[in-house]
Amino acid sequence: MKRRILPLVLILVVFGQCGILAGKVNKHKPWIETSYHGVITENMDTVLLDPPLVALDKDAPVPYAGEICAFKIHGQEAPFEAVVLNRTSGEGVLRARSPIDCELQKEYTFIIQAYDCGAAPTGTGWKKSHKAVVHIQVDDVNEFAPVFREPVYHATLTEGKIYDSILQVEAWDQDCSPQYSQICNYEIVTPHTPFAIDRNGNIRNTERLSYDNQQHYKIMVAAFDCGQKRAAESVPVHIEVKPVCKPGWQGWNKRVDYEPGTGSKQLFPKMHLETCDGPLSSVRVMVELQTSHIGKGCDRETYSEKSLQRLCGAASGSTDLLPAPSASTNWTASLLTDSGRDSDLIFRFDGRQAANVPDRVVPHNLTDQFTIATWMKHGPSPGVRAEKETLLCNSDKTEMNRHHYSLYVHNCRLVFLLRRDFTQVDTFRPAEFHWKLEQICDKEWHYYVINVEFPAVTLFVDGVTYEPYLVTDDWPIHPSQIDVQLTVGACWQGGEVTTPRFTQYFRGSLSGLTIRPGKIETQKVISCLQACKEGLDINSLESLGKGLKFHFNPAQSVLVMEGDDLDSINTAMTKVSYINSRQFPTPGLRRLHISTTVQCFGEDTCISIPDIKAAVMVLPPSEPRITIAGVDRLIRPATDFSSPAGITLFKEIRIVSTVTKSDSASSAAHRPGVLEVMHNLDYCDVLVIGEELNPELESLELHHSSLMGKHLDATNSTSGISVYGVDSMSHYEQAIRQVRYRNWHPTALLERRFRLSCSELNGRYTSNEFNLEVSVVHSSVVVEHVNHMAAQQQYMRPVHHPIMVHTVNSNHISGTPPAATVVIVMCIAALVVIVVLGIYRIHATHQDAKAEEEGGKEAEMDWDDSTLTITVNPMENIQAADGAEEAREEDHEDDEEEEEDEEDDEDDELAGEGSSGDSEDSEEEDTEAHKAKGKAKLEWDHTTLPY
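This is a predicted model, so every value here is computed, not measured.

Rules and cut-offs
- Residues numbered from 1 in each chain as written.
- Predicted model: local features only at pLDDT ≥ 70, side-chain atom pairs only at ≥ 80, totals over all residues.
- Heavy atoms only, no water.
- Helix = DSSP H or I, 4+ residues; strand = E, 2+ residues; numbered from the N terminus.
- Buried < 20%, exposed > 50% of the residue type's maximum accessible area, 1.4 Å probe, protein only.
- Contact = heavy atoms within 4.5 Å.
- Areas by Shrake-Rupley, 256 points an atom, 1.4 Å probe, with all protein chains shown as cover.
- Patch = residues over 30% accessible without salt bridge, like charges linked within 9 Å, V, L, I, M, F, W, Y side chains within 5 Å.
- Salt bridge = Lys/Arg side-chain N within 4 Å of Asp/Glu carboxyl O.
- Lys, Arg positive; Asp, Glu negative; His and termini not counted.
- Charge placed at Lys NZ, Arg CZ, Asp CG, Glu CD.
- Pairing = 2+ DSSP bridges.
- Axes fitted to C-alpha atoms, helices over the stretch in contact; angles between N-to-C directions.
- Phe/Tyr/Trp six-rings, centres within 6.5 Å; stacked < 30°, edge-to-face > 60°.
- Lys NZ or Arg CZ within 6 Å of the ring centre and 35° of its normal.
- pLDDT = per-residue confidence, 0-100.
- Core = buried A, V, L, I, M, F, W, Y, C linked by side-chain atoms within 4.5 Å.
- Disulfide = S-S within 2.5 Å.
- Arc of directions from axis to C-beta.

## Observations concerning the overall build of the protein chain
Okay, step 1: In terms of helices and strands, the protein chain carries 13 helices and 57 strands.
Okay, step 2: When the 947 residues of the protein chain are sorted by exposure, 43% land in the buried category.
Okay, step 3: Counted over contacts in the protein chain with a minimum sequence separation of 6, partners at least 24 positions apart contribute 72%.
Okay, step 4: Accessible surface for the protein chain amounts to roughly 49,900 Å². Of this, 50% is attributable to carbon and sulfur atoms.

Structural data, given as structure tokens:
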């Protein structure tokens, strides 16, 4: 036990002694600086410390106790380590354990201590120094290039200005240090541009730019950091040059094309008003469509006055005082006409032309109610005291110079004079009615209607009512036996002068001058007669703002809009459109004029908006081709002409209209590009070719019931029938198919020819001239007799050998052999001819039996050139026929009795023939008798056999 305790005691003693010895050897702590500052370059591991890392120990040069064994770092988990380079000198180094990234952390701060080696090799008894603060700064490396903050830059500048800065571009750099993270320079890399850029990225223009020269610039800009590292990609900068801000409308086209038949078309779909940011209180816009050069002031229907009045429901009975010159209306032939007005019939008066209206045309009793209407275009009269310019004047033809009624212009005043007869009134009554209007001398077309309900007189100008500003009374005219003369374009002075002459000539243009006695026109009819078919319109009225006000003039040629919201005005202007409801409008330009007034708060006008002048181009329509087709030759028996119904001339007539479309797809039923269209017609004329109709013998007839339910009327004369009125082609077809021709005595008639032609828009588009030839088939006594030979109807077939027909006349019989001989010769000759022809017809019929069955279904057969015509002249070769007959009598005595029976019938027929020529009654009685006597199987049918 004692032996085991002794070694432990010895160990303790040794250690105790060592400790005492060590305490005596390692007396001092290591010493280092209190703080260090270091620098490390990113992505490197060596740290440069100031001062250098060195630890001192006063125990030196004692081994271990005077040596430095380690440096330890405390805190922040710093990515650094301290390594002892020399234990004796105490030198050390600080280095990074991993790459240092400046972009992650720019600085590090931590604590470091030095440790000596202790008193023995084992390190026992070591001592540590005080704590020293180490501050490490990371040096940046220029590893990133600048990047722009925007991929594209846009700017707008106004022409004519020099800007200090148009816009600023900006780039940035990911590097951590100011040297490499700051952008020190910008550069425009696009050459030859009128722009410059400073180091802060501000772009300016170096010269004044012009919108007319160039409206858009694109430049490329590069950026450099302070380490002169250039951006990887340059940035594009778009600079728009806008004109100097001038208030006005923008986004409109000077010309708008209008395709006929397309309805309404927007005029300004992208239009807006530029006000240069001025404070506005209200905007007023007026859009005017100028159509004074088109037709009579605008695009109106160019039908004749009669057709238009019929279309508008005007009362009948009007007299056209300025009709188109023709054989029956030749008093306007000497007047000047304006032919360039798209079928409008316009007469131009230059102060030297006038026309006397024939007495047969003039209404002689105007009554207390009548209407005078006309289109007039008139300008200011020359001279200070201008003379009267008479449109219409009814004055004494001879002896005196009294004006019974007249319509004239004097000093831009319209005056209507009406002097009543003394037999109608015998008191001082109104006689002159004066109107002073701007329209009378504005050189524009206007529609004037004077409604007279004596003593009241009302004037309508373009559908607007005007009362006279002055009414002058006068005594009535005393009755006389002097004839009166109605004159257009002047006044006739037949009395109180040496030579009768025209006076008070009119200077201007007139069209559609009519007078209607007994009735006055209604406001509705007047508006219809003068209505324009083109004008302005606004689409989608419900989408307009509530604060917007607008109104049109009656003709819809002027639109006025007012509002206090600029956006509402701009929206409304985009919806303004042009519309033309005519199927075939007048092509050409229509000018547009837009005037704008802008008011600011507290000021009358603050911004001046220039007027706009644009145009609508109405393209030419596809012209229709009107074609009339049908049966162009009729052959009828004479009995049909004298029947109460007559014959129908155009039973199968067909009127079609086509247009050629080069770019449109056509159906399989039409040729490519040819389309059938439906439109109205305004007249169709059925004219007699050759001699005019003899009213005592013949007539063309169209029953009034054929026009019922249609906008059609008709006039009839010895020259033919004219059907007029604006209506569809189908209604015209139905009416023309009812035209009939009658002739009470057709014996002398061989043929009649007629011509049918139709028109649309008063002759602007005309059809082909369809000619119809009507031939008369005169019946023959012999043929009528032969017509009852035995032959079945189903085998009757026309033979294509036309032969002239001669009628037996009693004059040919005088001087012939006795009646019995003549009868025998005629019967035998007829029998031979009929037998031969019958055999031939039966043979031909068998070959075309099917066609005969179809032809036999028609109740009334239309004869043509292929019809069979039989010619029998019993007076030819009488002597030869007599010789042959005598030979037959000797050889065929058994047949005499039968022939004598026929002789009696033939005598009766010849007697009737000699007394009445082609007597229809005799033929009918003879036909009935032969039908009763017919015993044979085959019988001739007179309804299918031509004569």
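## Focus on a positive patch on the surface
Okay, step 1: Taken together, Lys29, Lys72, Lys128 and Lys131 make up a surface patch of like positive charges.
Okay, step 2: Tracing the backbone through its elements, the reader meets Lys29 in the loop between helix H1 (2-25) and strand S1 (35-41).
Okay, step 3: On the accessibility criterion, Lys29 (60% relative accessible area) is exposed.

## Structural notes on the sheet that holds strand S19 (residues 264-266)
Okay, step 1: The antiparallel open sheet is built from three strands, whose spatial order is S19-S42-S39. Each edge of the sheet is formed by a strand with only one pairing partner; in this case those strands are S19 and strand S39 (534-538). Mean inter-strand twist for the sheet, computed between neighbouring axes without regard to direction, equals 30 degrees.
Okay, step 2: Looking at chain direction, S19 and strand S42 (residues 576-580) are connected through three bridges and run antiparallel. Within S42, the residue paired with Lys265 across the bridge is Tyr578.

## Focus on the sheet that holds strand S18 (residues 255-258)
Okay, step 1: Strand order across the open sheet formed by six strands is S18-S44-S43-S21-S41-S40, with mixed pairing between neighbours. Of all strands in the sheet, those bounded by a partner on one side alone are S18 and strand S40 (549-552). Strand-to-strand twist across the sheet, computed as the mean angle between neighbouring axes with direction ignored, equals 15 degrees.
Okay, step 2: Judged from the four bridges that link them, S18 and strand S44 (residues 612-618) form a sheet pairing that is parallel. Bridge pairing links Asp257 to Met617 in S44.

## Points about the packing of aromatic side chains
Okay, step 1: If you walk through the whole model with that rule in mind, you get 17 aromatic pairs.
Okay, step 2: Measuring from ring centre to ring centre gives 5.2 Å for Phe584 and Tyr765, while their planes differ by 65 degrees; the resulting arrangement is edge-to-face. On the criterion of sequence distance, the pair formed by Phe584 in the loop between S42 and strand S43 (588-599) and Tyr765 in strand S56 (residues 765-766) is long-range, its members being 181 residues apart. Of the two residues examined, Phe584 and Tyr765, each falls in the buried class.
Okay, step 3: For the pair Phe641 and Tyr741, a centre-to-centre distance of 6.0 Å together with 80 degrees between the ring planes defines the contact as edge-to-face. On the criterion of sequence distance, the pair formed by Phe641 in helix H6 (residues 638-642) and Tyr741 in strand S54 (residues 740-743) is long-range, its members being 100 residues apart. Here Phe641 and Tyr741 have matching classes, each one buried.
Okay, step 4: Among the aromatic side chains, those forming a connected cluster through ring pairs are Phe80, Tyr108 and Phe110.
Okay, step 5: Over the ring of Tyr115 we find Lys72, and its NZ or CZ is 4.7 Å from the ring centre.

## Notes on the confidence of the model for the protein chain
Okay, step 1: For the protein chain, per-residue confidence averages 79 on the pLDDT scale, and 77% of positions sit at 70 or higher.
Okay, step 2: Per-element mean pLDDT across the protein chain ranges from 36 in helix H8 (residues 781-786) up to 95 in strand S13 (residues 195-197).
Okay, step 3: The model gives residues 849-947 a pLDDT under 50, and that stretch makes 155 contacts with residues more than four places away or in other chains.

## Some remarks on the side chain of Asn394
Okay, step 1: Among the structural elements, Asn394 can be located in strand S27 (residues 389-396).
Okay, step 2: Asn394 gets classed as buried once you look at its relative accessible area, which sits at 6%.
Okay, step 3: If near-sequence neighbours (up to four positions away) are discounted, Asn394 is found in contact with Arg402, His403, His404, Tyr405, Val484, Gln485 and Leu486.

## A closer look at the nonpolar core
Okay, step 1: Judged by nonpolar contacts, the single largest core of 53 residues is most densely connected at Leu649, Phe650, Leu700, Tyr741 and Leu756.
Okay, step 2: Beyond its immediate chain neighbours, meaning those up to four positions away, Leu649 contacts Leu634, Leu700, Val739, Tyr741, Phe754, Leu772 and Val774.
Okay, step 3: One finds Leu322, Leu335, Tyr405 and Phe433 within the second-largest nonpolar core, a separate group that totals 40 residues.

## Examining the side chain of Ser557
Okay, step 1: Relative to the helices and strands, Ser557 resides in the loop between S40 and strand S41 (558-563).
Okay, step 2: Setting aside its immediate chain neighbours within four residues, Ser557 contacts Val287, Glu288, Leu289 and Leu536.

## Details of the state of the cysteines
Okay, step 1: Inspection of the entire model under this criterion finds nine disulfides.
Okay, step 2: Here Cys312 is linked by a disulfide to Cys528, with a sulfur-sulfur distance of 2.1 Å. Every disulfide takes its handedness from the sign of the S-S torsion; for Cys312 and Cys528 that torsion is -70 degrees, giving left-handed. Of this pair, Cys312 sits in the loop between helix H3 (305-311) and strand S22 (319-320) while Cys528 sits in helix H4 (residues 523-530), placing them 216 residues apart in sequence.

## Remarks on the pattern of salt bridges
Okay, step 1: Counted according to the given criterion, the structure contains 19 salt bridges.
Okay, step 2: For the salt bridge of Arg752 with Glu698, the shortest nitrogen-to-oxygen distance reads 2.5 Å. Residue Arg752 is located in strand S55 (residues 751-760), and its partner Glu698 is located in strand S51 (residues 698-701); the two are separated by 54 residues in the primary sequence.
Okay, step 3: In this structure Glu698 comes out as buried when scored by relative accessible area, which is 7%.
Okay, step 4: For Glu769, the salt bridge goes to Arg755, with nearest N and O atoms at 3.6 Å. In this pair, Glu769 sits in the loop between S56 and strand S57 (770-777) while Arg755 sits in strand S55, placing the two residues 14 residues apart along the sequence.
Okay, step 5: For Glu769, a relative accessible area of 52% translates into the label exposed.
Okay, step 6: Among the charged side chains, a network of salt bridges with common partners joins Asp299, Glu534, Arg582 and Arg590.

## A word on a nonpolar patch on the surface
Okay, step 1: Taken together, Leu831, Val835 and Ile839 make up a surface patch of nonpolar side chains, about 270 Å² in accessible area.
Okay, step 2: Here Ile839 lies in helix H9 (residues 819-847).
Okay, step 3: Since its relative accessible area comes to 56%, Ile839 is described here as exposed.

## Here we look at H4
Okay, step 1: Among all positions of H4, only Val525, Ile526, Leu529 and Gln530 are buried. Within H4, the buried residues cover an arc of 120 degrees as seen down the axis, which keeps them to one side.
Okay, step 2: For H4, the secondary structure elements touched by its buried residues are H3, strand S26 (369-377), strand S31 (445-453) and strand S32 (456-461).

## Focus: the pairing of strand S6 (residues 107-116)
Okay, step 1: Taking burial as the measure, the ten residues of S6 include seven buried ones, the bulk of the element.
Okay, step 2: With six bridges joining them, strand S3 (residues 68-74) and S6 adopt antiparallel strand pairing. Bridge assignment links Lys72 to a residue of S6, and that residue is Gln113.
Okay, step 3: Note: S6 against strand S7 (residues 132-139), six bridges, orientation antiparallel. Within S7, the position partnered with Ile112 by the bridge is Ala132.

## Regarding unusual backbone geometry
Trans peptide bonds make up most of the peptide bonds, and negative phi angles are found at most residues other than glycine.
Okay, step 1: Cis geometry marks the peptide bond from Asp50 to Pro51, where omega comes out at -5 degrees.
Okay, step 2: Within the secondary structure, Pro51 is located in the loop between strand S2 (48-50) and S3.
Okay, step 3: Cis geometry is found at the peptide bond from Phe454 to Pro455, where omega equals 10 degrees.
Okay, step 4: With respect to the element layout, Pro455 can be found in the loop between S31 and S32.
Okay, step 5: The residue Asn43 is not glycine, and still its phi comes out positive at about 70 degrees.
Okay, step 6: Tracing the backbone through its elements, the reader meets Asn43 in the loop between S1 and S2.
Okay, step 7: The backbone of Cys412 shows a phi angle near 60 degrees, a positive value even though the residue is not glycine.
Okay, step 8: Structurally, Cys412 can be placed in the loop between strand S28 (403-410) and strand S29 (413-418).

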